[in-house]
Each structure stands twice: as C-alpha cells, then as structure tokens.
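Spelled out, the chains give:
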Amino acid sequence: MLQEKILNKRTIKFAFLDLVGIGGNGRHLRVRPDDTFLVGYPKSGNTWLNFLVASLLAERVDDVSFKSINAFVADVHALSPLALRRLTSARYLKSHDYFNPKFPKVVHIVRHPYDVAVSYYYFLLKRRKFDESYSLSDFVGDWILGKWGEKYGTWKTHNYSWYEAGRDGTVHFLKYEDLKADTAGELRAIADHLGIPTTLEQITNSVMWCSSQNMAKLEKEGMKAGFKSMRGSRDDISFIQTSNERMKLLPSDKIAIGSTWGDAQIWLCAVIRDCK
C-alpha cells in the first residue's frame, strides 16, 4: 500500500513537471531530437563508456573526473528533472533503461551476465544495500528472478529489448568484451557513429585517461562528490573492479544463470562470443 502511494505521488509529480515543460528524469525524461544516449544494463561497463565518450567531448581529458562527469554525460537517473532540463543541447545522457523508442541516437553496451552479476553484487554491497551475510550466491538467485534492478528489467529482457528493436541503424551495439580487447578501435567506431570528430592523439589520450588504473585513482580522488548516491558508501570496496570477476562465481551460480536464460545462449555466443 505504501509503495502504491509513493508511485502515485511520483506519477502526479512527473505529470505536473511534463505539463509545465520540464519533464521528469529516468524513463520520464523529456527527450530532445538531438539527444544522444549511452545505454546499458547496470554494471555493464556504463561508467567506463561514459568516461571514454566524455574524454572525447572535453577540451582536455583531465577535465573528466567523477566530480565532473555529469557535465559531459549526464545521468538521467541521478540528476533532478530541473537539472536535466537546464542542460544545453545537444545532450549526452547515460541511461539504464530498457528499449525506449523515443531515444533518437544510442550506443548500447552489453556485458556477459556472469561478470554483471558479480559486479552488481559488490556495487550494492558497497552502497550498504546488504552485508556479507547475504552471499553472492544468494544474490544471484534473487537477481536472475528480477529482484534487483527490476525497473530496468532482467539482464535478458533489457538486452533483448534493444537488440530486437534497435537494429534500424540508430543504435550502435557494443560488447564490453570487445571494448576491453580493443579500446581504441571500438572508441573510434563509437565516435564515427556519433559524429564526434577525433584524431589518433585524442583516441590515444582518452584510452590512457580511462584505463582501469587511472579510473581507480580518480575514484579515490572524488567519486562521492560526483555521485550523490555513493555518499555514505563503503570505502573498503572499490567501485572500479579490475579483477576477473566471474572467477568469484560458484559453478552452481553459473548453472543458475544459464538455466534461467538458457534460450539466450545462442544469442550470447553470437553477440558476446563467449559461451564458457
């Protein structure tokens, strides 16, 4: 009952903001024709992608940090409706939404669910959504059923929605694994799709600035100042994960993910080229 009241209040709020020309945030955002969206299911490499694109938009790569990232690629879920409304066009926007036909130009990133599961678990652990008594295996069992990140759909429904409906040329599909293997090449392809003029030097500088080592350094220097949702989070857990995350999964966790999304395996092999 309480949840229904909260949802009703949010609906009324966003209806009013839309009426006065502001619009909402998240999926209620008022989209502009020249908006560009960087989209991905949570923990699919979204922040890394945002930093890479932002470093191409900035005058200097060292202008891009966790404190400043929203000035280059604004988070539609974190910023207020008024803050999003005040951004000048053309906007670059971060979104975790499932397919939205209103998004005019999109780069969509997909990552193997094994790695997403582990990264998502430690992200929520860092944000104190639970403690270690709730194990990774407990999380996997609930996550595949849609308990966590439910407003974005499950990993499968989110990615399928974009893959099935976004193949008309407006969406540039990107695999996290490919971005990791050839960051410079994939970033140049993204820039070409988005019409961002680049030089070899810019690409090289962006890749270096957005390396995992430098991102970890930038996190320590001011992530909480830029990401309000991370204030009060645990300092002993890094937001930037650099280890082989899927190694933390038990064989039973992998079986649970595979059995739940078994009909996605052929798609996984074709799109991600990793069936292990």
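The rules behind each value
- Per-chain numbering applies: the sequence of each chain, read as written, is numbered from 1 onward.
- In view of the model being predicted, local features appear only for residues whose pLDDT reaches at least 70, and side-chain atom pairs are presented and counted only at 80 or more, with totals across whole chains, interfaces and linings using the full set of residues.
- For side-chain calculations, the full set of non-hydrogen atoms in the structure is used, while hydrogens and water are omitted.
- Secondary structure counts use DSSP, requiring at least four H or I residues in a row for a helix and at least two E residues in a row for a strand, with both numbered from the N terminus.
- When a residue's accessible area, from a 1.4 Å probe over protein chains only, is under 20% of the maximum for its type it is buried; when over 50% it is exposed; and in between it is partly exposed.
- Methods summary: accessible areas were calculated by the Shrake-Rupley approach with a probe of 1.4 Å, and residue burial reflects only the protein chains presented.
- Working note: the arc is built from the helix axis to C-beta atom directions.
- For two strands to be treated as a pair, DSSP must find at least two bridges joining them.
- Pairs of residues are marked as contacts when any of their non-hydrogen atoms sit within 4.5 Å.
- Whenever a helix is involved, its axis is fitted only over the stretch in contact; in every case the axis is a line through C-alpha atoms, and angles between N-to-C directions fall within 0 to 180 degrees.
- A residue's pLDDT is simply how confident the predictor is in it, with values from 0 to 100.
- Between Lys or Arg on one side and Asp or Glu on the other, a salt bridge is scored when a side-chain nitrogen of the former is within 4 Å of a carboxyl oxygen of the latter.
- Roughly parallel covers angles under 35 degrees, roughly antiparallel covers those over 145, roughly perpendicular covers 65 to 115, and oblique covers all other angles.
- Note on convention: near helix rotated counterclockwise from far helix by under a right angle means a left-handed crossing. Clockwise means right-handed.
- Under the scheme applied, nonpolar residues are Ala, Val, Leu, Ile, Met, Phe, Trp, Tyr, Cys and Pro; charged residues are Asp, Glu, Lys and Arg; polar residues are all the others, including Gly.
- Aromatic contacts are taken between Phe, Tyr and Trp rings whose centres are within 6.5 Å, Trp giving its six-membered ring; a plane angle under 30 degrees counts as stacked, one over 60 as edge-to-face, and the others as tilted.
- Two conditions define a charge located above a ring, namely a distance within 6 Å from the ring centre to NZ of Lys or CZ of Arg, and an angle within 35 degrees of the ring normal.
- To qualify as a nonpolar core, a set must consist of buried Ala, Val, Leu, Ile, Met, Phe, Trp, Tyr and Cys residues joined through side-chain atoms within 4.5 Å.

A.B. asks: Residues and numbers for the overall build of the protein, please.
C.D. replies: Within the protein, the regular secondary structure consists of 13 helices and 5 strands. Within the protein, buried positions represent 50% of all 276 residues. Of the roughly 14000 Å² of accessible surface on the protein, 54% is carried by carbon and sulfur atoms.

A.B. asks: Explain helix H6 (residues 136-143) to me, and be specific about the residues and the numbers.
C.D. replies: Among the residues of H6, Leu136, Phe139, Val140 and Trp143 are the ones counted as buried. Along the axis of H6, the buried residues cluster in a sector spanning 100°; they form a single face.

A.B. asks: Hey, could you go over the sheet that holds strand S2 (residues 74-75) for me, with residue numbers and the actual values?
C.D. replies: Across the sheet, 5 strands lie side by side as S2-S3-S1-S4-S5; this open sheet has parallel pairing. Of all strands in the sheet, those with a lone pairing partner are S2 and strand S5 (171-175), marking the two edges. Both strand S4 (residues 106-110) and S5 contribute to a ladder of 5 bridges, which runs parallel. Within S5, the residue paired with His108 across the bridge is Phe173. Along the sheet face, helix H9 (residues 183-194) touches strand S1 (36-40), strand S3 (92-95), S4 and S5 and points at about 170° away from the line of S5.

A.B. asks: Residues and numbers for the confidence of the model for the protein, please.
C.D. replies: Mean pLDDT over the protein: 85, with 82% of residues reaching 70 or higher. Of all helices and strands in the protein, the one with the weakest mean pLDDT is helix H1 (residues 2-19) (48), whereas S3 scores best (98). Low confidence marks residues 1-7, where pLDDT is under 50. Its contacts with residues over four positions away, or in another chain, come to 0 contacts.

A.B. asks: How would you summarise the pattern of salt bridges if you had to cite specific residues and measurements?
C.D. replies: If you walk through the whole model with that rule in mind, you get 9 salt bridges. In this structure, Asp62 engages Arg60 in a salt bridge whose closest nitrogen and oxygen atoms are separated by 3.4 Å. We classify Asp62 as partly exposed; its relative accessible area is 43%. With relative accessibility at 52%, the residue Arg60 sits in the exposed group. Look at the salt bridges and you will find they share partners, linking Arg60, Asp62 and Asp63 into a network.

A.B. asks: Tell me what's going on with the packing of helix H2 (residues 46-57) against H9, and back it up with residues and numbers.
C.D. replies: Two elements in contact, H2 and H9, have axes whose closest approach is 11 Å; the angle formed by their N-to-C orientations is 65°. Taken together, the axes of H2 and H9 lie roughly perpendicular to each other. Along this stretch, H2 crosses H9, giving a crossing that reads as right-handed. When H2 is examined against H9, the residues Trp48, Leu49, Leu52, Val53 and Leu56 are found in contact with a partner set consisting of Thr183, Leu187, Ile190 and Ala191. Of the residues assigned to the contact of H2 with H9, the class counts are 8 nonpolar, 1 polar and no charged.

A.B. asks: Give a description of the packing of aromatic side chains that names residues and reports values.
C.D. replies: Here the structure, examined in full by the defined rule, presents 18 aromatic pairs. Ring centres of Phe51 and Phe66 lie 4.9 Å apart, and the angle between their planes is 50°; this geometry places the pair in the tilted category. Within this pair, whereas Phe51 is found in helix H2, its partner Phe66 is found in the loop between H2 and helix H3 (69-72), the two being separated by 15 residues in sequence. Both residues of the pair, Phe51 and Phe66, count as buried. Between Phe139 and Trp148, the ring centres sit 6.2 Å apart and the planes meet at 35°, which makes this aromatic pair tilted. Following the ring pairs from residue to residue traces out a cluster consisting of Tyr41, Tyr120, Tyr121, Tyr122, Phe130, Tyr134, Phe139, Trp143 and Trp148. In this structure, Arg27 packs its charged tip against the face of Tyr98, placed 3.7 Å from the ring centre. Directly above the aromatic system of Tyr122 lies the positively charged group of Lys248, at a separation of 4.5 Å from the ring centroid.

A.B. asks: So what about the nonpolar core? Which residues, and what values?
C.D. replies: Core analysis: the largest hydrophobic core is formed by 56 residues, its most contacted members being Leu49, Phe51, Phe130, Phe139, Trp143 and Ile257. Every element with two or more residues in this core is listed here: H2, S4, helix H5 (113-126), H6, helix H8 (176-181), H9, helix H10 (200-209) and helix H11 (212-226). No other element matches H5, which puts 9 residues into this core. In this structure, Leu29, Phe37, Leu79 and Val171 belong to the second largest nonpolar core, which totals 12 residues.

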